[in-house]
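# A structural walkthrough
Below, each chain spelled out in residue letters.
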Amino acid sequence: CGDEDSCPFDAENDADGDLLCSVDDPCDYVHADEHDADSDNICADVDSCPFDAGNDHDSDAVCGDVDSCRFDAENDADDDAVCGNVDDCAYDAENDVDEDSLCGDVDSCPNDAADDADGDNVCGDVDSCMHDAENDWDGDGVCGDVDSCPYDADNDTDGDGVCGDMDSCPYDAENDADGDSICGDVDSCDYDSSNDADGDLLCGDVDSCPYDAEHDADGDS
């Protein structure tokens, strides 16, 4: 009877037992202690995230009160302990380790700040000659950018100031002094273009009679 009913206008008579009849209870089926814990104006019994006022702000199906990255739907995709919404390199766990302003996931050379300076498609951190696109072409252990003779493995072995790849006589510092088209290192007579014309085993430059094999046999000079 109405005169004995604690909630005369509430057919369920305070269903949630919080001593508030439905006409005075904003959340009929939730105890007053838990009506709207997160103050988002959604009763706990119909609130998908009863303790998260943002109601899963990043829509990752994890309520903010238990979400390690409340505003990052991918929840720290690169596992660097920095949530994506505040991570400058959300997909690079090393966060641009070479400091070239390119995140590792889009950096062709993530560990080379110069990004393959010599353009040889070998990143500087693994390039034996990071400033030599031909990577020590002559194989002399000296990179081309600091090699005085980048195409001469002997590096001007005759010391004539002409690198071997351009030196007509790479082992002859005088470059065929007698002009007989035979380099001095293989010329039997370095300074005799006729190469001992008289065949007396004396080169013309030291033969008193370069065209006389008997050397003035009668001694008449």
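Structure shown above.
Residues numbered from 1 in each chain as written. Predicted model: local features only at pLDDT ≥ 70, side-chain atom pairs only at ≥ 80, totals over all residues. Heavy atoms only, no water.

## Some remarks on the overall build of the protein
- The number of helices and strands found in the protein is zero helices and zero strands.
- Here the protein holds 221 residues, and the buried ones make up 33% of them.
- For the protein, the share of sequence-separated contacts (at least 6 apart) that also reach a separation of at least 24 residues comes to 0%.
- For the protein, the accessible surface area stands at approximately 13600 Å², while carbon and sulfur atoms represent 49% of it. (Helix = DSSP H or I, 4+ residues; strand = E, 2+ residues; numbered from the N terminus. Buried < 20%, exposed > 50% of the residue type's maximum accessible area, 1.4 Å probe, protein only. Contact = heavy atoms within 4.5 Å. Areas by Shrake-Rupley, 256 points an atom, 1.4 Å probe, with all protein chains shown as cover.)

## Description of the state of the cysteines
- Inspection of the entire model under this criterion finds eight disulfides.
- Put simply, Cys-129 and Cys-143 are joined by a disulfide, and their sulfur atoms are 2.0 Å apart. Judged by the sign of its S-S torsion, about -80°, the bond between Cys-129 and Cys-143 is left-handed. The same class applies to Cys-129 and to Cys-143, which are both buried.
- The disulfide bridge from Cys-189 ends at Cys-203, spanning 1.9 Å between sulfur atoms. (Disulfide = S-S within 2.5 Å.)

## What about unusual backbone geometry?
- With a phi angle near 70°, Ala-61 is a residue other than glycine that sits in the positive phi range.
- A positive phi angle, close to 70°, is found at Ala-81, a residue other than glycine.
- For Ala-81, a relative accessible area of 75% corresponds to the exposed category.

## Things to note about the side chain of Asp-76
- Despite its burial, Asp-76 pairs with no opposite charge, the nearest such side chain being Arg-70 at 15 Å.
- Of note is the side chain of Asp-76, whose polar atom sits 3.2 Å from the backbone nitrogen of Asp-80. (Lys, Arg positive; Asp, Glu negative; His and termini not counted. Salt bridge = Lys/Arg side-chain N within 4 Å of Asp/Glu carboxyl O. Polar contact = N/O pair within 3.5 Å; in protein donor to acceptor, adjacent residues only side chain to side chain.)

## Topic: the environment of Asp-200
- According to the relative accessible area criterion, Asp-200 is buried, its value standing at 15%.
- Here His-215 takes part through its side chain, which lies 2.4 Å from a polar atom of the side chain of Asp-200.

## Section: the environment of Ala-77
- With relative accessibility at 39%, the residue Ala-77 sits in the partly exposed group.
- Those residues in contact with Ala-77 that sit more than four places away from it in its chain are Asp-72, Ala-90 and Tyr-91.

## Let's talk about the packing of aromatic side chains
- What the rule picks out here adds up to one aromatic pair.
- Summarising the aromatic geometry, the rings of Trp-137 and Tyr-151 are spaced 5.2 Å apart at their centres and angled 70° between planes, so their arrangement reads as edge-to-face.
- Trp-137 gets classed as exposed once you look at its relative accessible area, which sits at 55%.
- The class for Tyr-151 is partly exposed, based on a relative accessible area of 37%. (Phe/Tyr/Trp six-rings, centres within 6.5 Å; stacked < 30°, edge-to-face > 60°.)

## Quick look at the side chain of Asp-180
- Of the side chains with opposite charge, Arg-70 comes closest to the buried, unpaired Asp-180, at an N-O distance of 89 Å.
- Each residue touching Asp-180, except ones within four places of it in the same chain, is listed here: Asp-187, Cys-189, Asp-192, Ser-193 and Asn-195.

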